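Results of the structural survey
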Amino acid sequence: MSSIKKFQVTFDCADPERVARFWCEVLGYVVPPAPEGFATWDEYNRSLPPERQGSGFVCTDPSGVGPRMYFQRVPEGKVVKNRVHLDVRVATGLVGEERLAALEAECARLVPLGAVRGRLLIADEYNESCLLMHDIEGNEFCLD
């Protein structure tokens, strides 16, 4: 039995390129080169049938370590809490006021990009503090 190490995270969304570019900024990811035979993603997109144009977008970790992220257009809007969300690890190993300061600093960076601050969950005897956030289409994620 083989052990799978690589995986892709797929987001359903209304505007794949916009959401992908937001996550590029959050994670330091990049948009990969356009498919072979196309100079740009716009050129590739124009080659698709009209109903497929703008239907997907990709971003990748430039180091090759993190998962590829794929954003696909779906007709329905988000109506309930995500069943899966990303924890953006900005305060690993930090505790107390130092951890809170790191969470707040990252929140301050992301809000101008379109993120929406949720509530701060203060550390208890089981978990460290984290900050609940929403991306530009309302998907939940945590600053952890």
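In this report, the structure presented in the accompanying data block is examined. Note that this is a predicted model, so its numbers are computed, not measured.

Calculation rules
- Residues numbered from 1 in each chain as written.
- Predicted model: local features only at pLDDT ≥ 70, side-chain atom pairs only at ≥ 80, totals over all residues.
- Heavy atoms only, no water.
- Salt bridge = Lys/Arg side-chain N within 4 Å of Asp/Glu carboxyl O.
- Helix = DSSP H or I, 4+ residues; strand = E, 2+ residues; numbered from the N terminus.
- Buried < 20%, exposed > 50% of the residue type's maximum accessible area, 1.4 Å probe, protein only.
- Contact = heavy atoms within 4.5 Å.

Let us look at the pattern of salt bridges. If you walk through the whole model with that rule in mind, you get six salt bridges. When the shortest N-O distance is used, the salt bridge between Arg99 and Asp144 registers 2.6 Å. Of this pair, Arg99 sits in helix 3 (residues 96-110) while Asp144 sits in the segment after strand 7 (140-143), placing them 45 residues apart in sequence. For the pair shown, Arg99 and Asp144 are each scored as buried. Of the charged contacts, one joins Arg117 and Glu104 as a salt bridge, the two residues approaching to 2.5 Å between their closest N and O atoms. Linking Arg117 in strand 5 (residues 116-121) with Glu104 in helix 3, this pair joins segments that are 13 residues apart in sequence. Under the relative-accessibility criterion, Arg117 is labelled partly exposed at 37%. For Glu104, a relative accessible area of 32% puts it in the partly exposed group. Beyond isolated ion pairs, a larger network of salt bridges with shared partners links Arg89, Arg99 and Asp144.

A few words now on the environment of Ala115. Mapped onto the elements of the fold, Ala115 is located in the loop between helix 3 and strand 5. Note on Ala115: relative accessible area 4%, which makes it buried. Taking the C-alpha atoms as reference, Ala115 lies 4.7 Å from Asp135; in sequence the two are 20 residues apart. Sequence-distant contacts of Ala115, defined by excluding residues within four places in its chain, comprise Phe22, Leu110, Met133, His134, Ile136 and Phe141.

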